[in-house]
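The primary structure of each chain is shown beneath.
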Amino acid sequence: MISCFYLDIVNINGNIFSDFVKKIHVTGSEGGLEILPKHISFLTSIKPGMVSIMKKGNSGNEYIYLSGGILEIYCNVVTILADVAIRGEDIDENRAIKSKILAKENMKKFVMGSKYYMNASVKFYEEIAKLRVVKMIKNRYK
């Protein structure tokens, strides 16, 4: 019985994660996905947020922020391609908080529905997603 699968997470700068894992959670275009070993072949877009990775053995979970991207499952290998992928431990919490505040202020400056408002709101929700990853990391060490 296969108890794990191979996960590759690649961003624009190269490979950020490659290892065998037990399962992952990620948000696809149609909602939350839990990927387990022997999952059927599948291709979907993923929304900005995090991927929660349950590593093999007892090495705990890992959390990675994703800016969105593409997820492919084929022959017990899961590949995630994202423009931005940041390991939770590498997220600068203070910078994310400041960027979130700035994005919220920018949203107030523009007319709802304008491209400037949309850009600011995307930035706002990206920073919220980063802060969720930071929170998960902190909870892991409690």
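How each quantity is defined
- Residues numbered from 1 in each chain as written.
- Predicted model: local features only at pLDDT ≥ 70, side-chain atom pairs only at ≥ 80, totals over all residues.
- Heavy atoms only, no water.
- Helix = DSSP H or I, 4+ residues; strand = E, 2+ residues; numbered from the N terminus.
- Buried < 20%, exposed > 50% of the residue type's maximum accessible area, 1.4 Å probe, protein only.
- Core = buried A, V, L, I, M, F, W, Y, C linked by side-chain atoms within 4.5 Å.

(A) Broad picture of unusual backbone geometry. Even without being glycine, Cys75 reaches a positive phi, approximately 55°. Relative to the helices and strands, Cys75 resides in the loop between β7 (69-74) and β8 (77-81). Residue Cys75 is classed as exposed on the basis of its relative accessible area, which comes to 55%. One non-glycine residue, Asn76, lies in positive phi territory at about 65°. Tracing the chain through its elements places Asn76 in the loop between β7 and β8.

(B) Geometry of the nonpolar core. In this structure, Ile9, Ile24, Leu66 and Ile80 are the most contacted members of the largest nonpolar core, which totals 20 residues. Among the secondary structure elements, those contributing two or more residues to this core are β1 (5-11), β2 (14-28), β5 (49-55), β6 (61-66), β7 and β8. Considering each element in turn, this core owes the most residues, five residues, to β2. With seven residues, the next largest nonpolar core counts Ile91, Ala129, Val134 and Ile137 among its residues.

Any functional reading would require information beyond the geometric quantities listed.
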